[in-house]
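In case you want the letters, here they are:
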Amino acid sequence: MLKQLLSDLQLTKLIVEDLQAKIPSSHYLLVKKLSGDWSKDLSLIYGVLGKSEDVKTKYVSLKGFPGNVAIIYVDSMVSSEELEREVLRSLQTFSTEVADHIVEDLRRYLSVKDTEVVLRGKEISQAVLSGMALIVLEGHSQAIVCDVQGPEQRAVSIPKREATLFGASEGFTDGIDQNLSIIRKRYLDPNLMVRFIQVGRRSKTRVAVLWTKDLAQQELPIRVIKQLKSIDIDIIIGPGRLEEMLVGPRNRIFSMTRTTERPDAVVSGLAMGTVALLVDGSSHVIIIPTTFWSNFQSAEDYEHTPTVTFMLRSIRFIGWFLVLIASSLYISVSGYNPDIIPVDFVTTVIGTRTGVPFPAVLEIILLELVMEILLEAIFRMPERMSTAITIVGALIVGQAIVQARFVSGLTIIFVAASAVGIGVLTAYHNALGWRAFRWLIIGLSAIFGIYGMFAGLYLLFIYLNSLETYGVPYLSPVSPPTVGLANDIQVRRPWWKEIRRPSIFKAKQKISGRQSDWQEYTHKQPFPNREEEE
């Protein structure tokens, strides 16, 4: 009886904590109206917009109006030229004698094509975070929003390294302000926080730190900002140097952050409680923390059914496994442990190696080196030339090598499987690490056979299990195991069952949605009614 009571109390505490986290301090401000009191109205506006560094305020004066006037906008989403030309100049030339109708008179006087009068915090939040400028007048319970969105937008293009068949085809640019504007348009959450920091003694590169105030752990953005401020280096050109300075010297093989050029991936990470880093001059965004399983997850997965998503992620996992063991398995079977495979297969292997002057180990090493050179050439060459190199390397050179009996045809099959497996990984920067680590497994297999291959895999598991990034174990939630929580690793639940955020990032709000909190515990219908806020 006592255990049941304690269990009920713990459950009630969890529900209350979730519900309290789901009602941030700005939530009640959304339905609140402007009062005309200057200090209260500014507190209301800054409360619904959040204390973000890209939210700017300019104070101006009007002829014939004794009170204060403020223009509030998101710097990365408005055109500074249009704001100066259409709004500030109009305010400088505007004058009125009837103070009671000044809001409507001013709205009509502005030369901006799209203006509107707003009253509530929700209207203010949606307008300003969509790229409009807000004009607030002291002593009036109405404000004006005007469309001054920046015209500088990059043409829609497919991200080069993360192309998908479904979903958005828009990628980041090299400008930090444009990238921030792209994120803002996709993520109209007033709890999105932005902090700008200059990194590099000489380059003074701007870095933007983004996180969701009511989701990310309080310590996570503070720790990231402290590390950025402590970086002492001459120049920061791209995210690679920044990532190495943040992660530290412990990891030398694999990337401990996720780098992406897709806005939808960044927005998904922010909604789960992670931190995003934008570097000026780079089209890639760093997401921290991350886990091992991000190597097999793509933004396209969430456009498919759960069954198709499971199949795609399984294929990626098999491809990753082939990268590690394909060549090592051939060395072990053909040179050391032929007794572990059927006799017919052994006969086939021996037949394909007839007339080959090199041992299996040397075959694999030579072909792997040739394949690494081809892959590097394909990535570095212009697109048209890389296609020609692919044809020459894969068809002409490969066929000539087999006909000359330098290597066997079966060796080429195993090496090709290892090379193709790299392409299925969604995180290319980590694919380089797997390509480097497989050489260790090849070396162990060349010395100890099948036992060396398994020893290499065991060392890999131990090494990955020892890694963590900002308090999140790299293999979480498998090691350490987390039972009973949806973590979106290999299997994706249907959307109407995804009521819990991934536990690995320790988000403040453990349960997503507004009414799904009680559904989790009372087992109500899977499709709750979601009424619009008034």
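Below is a short write-up of the structure. Everything numeric here is computed off the predicted structure, so don't read it as measured data.

Cut-off values and rules
- Per chain, residues are indexed from 1 in the order of the written sequence.
- Only residues with pLDDT of 70 or above have their local features reported here, since the model is predicted, and side-chain atom pairs are shown and tallied only from 80 upward, although totals for entire chains, interfaces and linings are computed over all residues.
- Only heavy atoms go into the side-chain values, all of them from the structure, while hydrogens and water stay out.
- Patches draw on residues past 30% relative accessible area with no salt bridge. Two like charges within 9 Å are joined, as are two nonpolar side chains (Val, Leu, Ile, Met, Phe, Trp, Tyr) within 5 Å.
- Only the protein chains shown count as cover for residues, and the accessible areas themselves come from Shrake-Rupley with a 1.4 Å probe.
- For this analysis, a salt bridge means a side-chain nitrogen from Lys or Arg found within 4 Å of a carboxyl oxygen belonging to Asp or Glu.
- Elements are defined by DSSP. Helices are runs of H or I of four residues or more, strands are runs of E of two residues or more, and each kind is numbered from the N terminus.
- Exposure classes here rest on a 1.4 Å probe applied to the protein chains alone. A residue is buried below 20% of its type maximum, exposed above 50%, and partly exposed in between.
- Whether two strands pair depends on DSSP finding at least two bridges between them.
- Geometry is summarised by axes, namely lines fitted to C-alpha atoms with helices restricted to the contacting stretch, and by angles between N-to-C directions that run from 0 to 180 degrees.
- We call two residues in contact whenever any of their non-hydrogen atoms come within 4.5 Å of each other.
- To pair, rings of Phe, Tyr and Trp, with the six-membered ring standing in for Trp, must have centres within 6.5 Å; the planes then decide the type, stacked if under 30 degrees apart, edge-to-face if over 60, and tilted in the middle.
- Here is the rule for angles: anything less than 35 degrees is roughly parallel, anything more than 145 is roughly antiparallel, 65 through 115 is roughly perpendicular, and the remaining ranges are oblique.
- Crossing handedness follows the turn of the near helix against the far one: under a right angle anticlockwise gives a left-handed crossing, and clockwise gives a right-handed one.
- Amino acids are sorted into nonpolar (Ala, Val, Leu, Ile, Met, Phe, Trp, Tyr, Cys and Pro), charged (Asp, Glu, Lys and Arg) and polar (every other residue, Gly among them).
- Any N or O atom pair separated by 3.5 Å or less is treated as a polar contact, with the protein-specific requirement of one donor-capable and one acceptor-capable atom, and with residues adjacent in sequence counted only for side-chain atom pairs.
- The set of buried Ala, Val, Leu, Ile, Met, Phe, Trp, Tyr and Cys residues whose side-chain atoms join them within 4.5 Å is what this entry labels a nonpolar core.

### Focus on a nonpolar patch on the surface
On the surface, a nonpolar cluster with roughly 290 Å² of combined accessible area is contributed by L362, I365, L366 and L369. You can see I365 is positioned in helix α12 (residues 360–380). By relative accessible area, which is 30% here, I365 ends up partly exposed.

### Overview of the sheet that holds strand β10 (residues 285–288)
Pairing is antiparallel across the open sheet formed by five strands, whose spatial order is β6-β7-β9-β10-β8. Two strands bound the open sheet, and with one partner strand each, they are β6 (192–199) and β8 (258–260). Within this sheet the neighbouring strands show an average axis-to-axis angle of 25°, counted without direction. Bridge analysis of β8 against β10 gives three bridges, and the strand direction is antiparallel. Bridge pairing in β10 links T260 to V285. Against the sheet, helix α8 (residues 239–247) makes contact with β6, β7 (205–212), β8, β9 (275–279) and β10, and its axis sits at roughly 135° relative to β9, the strand it touches most.

### Side note on the packing of aromatic side chains
Counted according to the given criterion, the structure contains 15 aromatic pairs. Measuring from ring centre to ring centre gives 5.3 Å for F94 and Y109, while their planes differ by 55°; the resulting arrangement is tilted. In this pair, F94 sits in the loop between α3 (80–93) and α4 (102–109) while Y109 sits in helix α4, placing the two residues 15 residues apart along the sequence. By relative accessible area, which is 4% here, F94 ends up buried. Accessibility expressed as a relative area gives 38% for Y109, which makes it partly exposed. With centroids separated by 5.2 Å and ring planes inclined at 45°, the aromatic side chains of F317 and W320 adopt a geometry described as tilted.

### A word on unusual backbone geometry
Cis geometry is found at the peptide bond from I288 to P289, where omega equals -5°. Relative to the helices and strands, P289 is located in the loop between β10 and α10 (306–336). Backbone torsion omega between S476 and P477 reads 5°, so that peptide bond is classified as cis. With respect to the element layout, P477 can be found in the loop between β12 (472–473) and α17 (516–522). The backbone of Y470 shows a phi angle near 55°, a positive value even though the residue is not glycine. Among the secondary structure elements, Y470 is positioned in the loop between β11 (468–469) and β12.

### Digging into the sheet that holds strand β1 (residues 55–62)
Strand pairing within a sheet occurs via backbone hydrogen bonds; the two strands may be parallel or antiparallel. Taken in spatial order, the five strands make up an open sheet running β1-β2-β4-β5-β3, and their pairing is antiparallel. With partners counted over all chains shown, the strands left at the sheet margins are β1 and β3 (115–118), one partner each. Each adjacent strand pair in this sheet contributes to an overall mean axis angle of 25°, direction not counted. Of the pairings in the sheet, the one linking β1 to strand β2 (residues 65–74) comprises seven bridges and is antiparallel in character. Pairing of Y59 across the sheet is with A70, part of β2. Across the sheet, α4 lies against β1, β2, β3, β4 (132–137) and β5 (143–147), angled at about 160° from β3, the strand it touches most.

### Considering the packing of α10 against α12
Close contact between α10 and α12 brings their axes to 9 Å; oriented N to C, the two are set at 165°. Accordingly, the angle class assigned to the pair α10 and α12 is roughly antiparallel. The two elements α10 and α12 cross, and the hand of that crossing is right-handed. Residues S327, Y330, I331 and S334 of α10 form the contact with α12, whose participating residues are A360, V361, E363, I364 and E368. For the contact of α10 with α12, a count of residues per class yields five nonpolar, two polar and two charged.

### What to know about the side chain of D301
Position of D301 relative to the elements: it lies in the loop between β10 and α10. Looking at D301, the relative accessible area reads 0%, which means it is buried. A polar atom in the side chain of D301 sits 3.0 Å from the side chain of R313. Filtering out sequence-adjacent residues up to four positions away, D301 remains in contact with F296, T309, L312, R313, R316 and R492.

### Focus on the pattern of salt bridges
Across all of its chains, the model carries 14 salt bridges by this definition. The partner of R85 in a salt bridge is E86, and the shortest N-O contact between them spans 3.1 Å. What makes R85 partly exposed here is its relative accessible area of 42%. As a salt-bridge pair, R108 and E104 come within 3.2 Å of each other at their nearest N and O atoms. Residue R108 and its partner E104 are both found in helix α4; the two are separated by four residues, about one turn of the helix.

### Concerning the nonpolar core
Of all hydrophobic cores here, the largest spans 25 residues; its most connected members are F292, W320, L324, W434, L460 and L464. Elements supplying a minimum of two residues to this core: α10, α15 (428–448) and α16 (450–465). It is α16 that provides the largest number of residues to this core, a total of five residues. Aside from chain neighbours lying at most four places away, what touches L324 is W434, R438, I441, L457 and L460. By size, the runner-up hydrophobic cluster in this structure holds 23 residues, among which are W38, V48, V118 and A127.

Any link to function would need more than the numbers given here.
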